[in-house]
Amino acid sequence: ENAQLVEQSLTDVLTGLPNRRAFNASMERALEAANGSGGPLSFAVVDVDFFKAINDAHGHPVGDETLRAVAQALRAQCAEGAMVARFGGEEFAVVLPGLAMGNAFQLCERMREAVRMLSHGVPATVSIGVTAWKQGDVVGEIYARADKALYAAKRGGRDRVVAIA
């Protein structure tokens, strides 16, 4: 029963993905490992473009289905060891241990395209900001760079990936 409660506290009810609390713990572990080994680590922030318009035009049940479909598309593109989490609202976070910036960018492009190709009824696109770990990074620093890249993607026209080293 306790294990079930712990699992529920770390899982987003709507998408079945890990939630922000689980993401924070995973990101801390990934940063510790990268700082210890010097190995590559990348991080991405994914935001569903014009999500409010989807909810306004089609209703919240369709918005919820869109979030579930996006979550599944993102997760399907990730290899074992990566983590896709629902960060909040229409925003997702992706921890990519073992991937340097170039490979992470390519993976994010595949994620973007997978969402674009969804056939659940309502067209959806995502903007993605991606960055790579730097020695000594803490979660706030790597998140801030990825968030900056995300907003550059949105300013650049959405439905795109932007990387900031």
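Residues numbered from 1 in each chain as written. Predicted model: local features only at pLDDT ≥ 70, side-chain atom pairs only at ≥ 80, totals over all residues. Heavy atoms only, no water.

**Student:** Would you explain helix α2 (residues 20–37) in this entry?
**Tutor:** Residues spaced three or four apart along an α-helix point in a common direction, a consequence of the helix completing one turn every 3.6 residues. Helix length check: α2 (18 residues) gives 25 Å between terminal C-alpha atoms against 26 Å at 1.5 Å per residue, within 8%. Looking at α2, one finds that the buried residues are Ala22, Phe23, Ser26, Met27, Ala30, Leu31 and Ala34. Down the axis of α2, the buried set is contained in an arc of 160°. They therefore lie on one face. For α2, exposure combined with an orientation more than 90 degrees from the buried face picks out Arg21, Arg29, Glu32 and Gly36. (Helix = DSSP H or I, 4+ residues; strand = E, 2+ residues; numbered from the N terminus. Expected span 1.5 Å × (residues − 1). Buried < 20%, exposed > 50% of the residue type's maximum accessible area, 1.4 Å probe, protein only. Arc of directions from axis to C-beta.)

**Student:** What exactly am I supposed to notice about the packing of aromatic side chains here?
**Tutor:** Any aromatic ring pair is given by two values, namely how distant the centres are and how the planes are angled relative to each other. A complete count under the given rule lists four aromatic pairs for this structure. Residues Phe23 and Phe43 carry aromatic rings whose centres are separated by 5.5 Å and whose planes lie at 35° to one another, so their mutual orientation is tilted. Remark: Phe43 occurs in strand β1 (residues 41–48) and Phe23 occurs in helix α2; sequence separation between them is 20 residues. A centroid spacing of 5.0 Å and a plane angle of 85° characterise the contact between Phe23 and Phe87, whose relative ring orientation is edge-to-face. In this pair, Phe23 sits in helix α2 while Phe87 sits in strand β2 (residues 83–88), placing the two residues 64 residues apart along the sequence. For the pair formed by Phe23 and Phe87, the shared burial category is buried. What links up through ring pairs into an aromatic cluster is the set Phe23, Phe43, Phe87 and Tyr143. (Phe/Tyr/Trp six-rings, centres within 6.5 Å; stacked < 30°, edge-to-face > 60°.)

**Student:** Got a minute to help me understand the pairing of β1 in this structure?
**Tutor:** Looking along a regular strand, one sees side chains alternate from face to face of the sheet. Counting buried positions over the eight residues of β1 gives eight, a clear majority of the element. Along β1, one buried face is formed by Leu41, Phe43, Val45 and Asp47 and the opposite face, lined by Ser42, Ala44, Val46 and Val48, is buried too. Pairing of β1 with strand β3 (residues 91–97) involves seven bridges; the strand directions are antiparallel. The residue of β3 that forms the bridge with Asp47 is Glu91. Across seven bridges, β1 lies against strand β4 (residues 126–132) in antiparallel orientation. Counterpart to Val48 in the pairing with β4 is Val126. (Pairing = 2+ DSSP bridges.)

These values are about where atoms sit, not about what they do.
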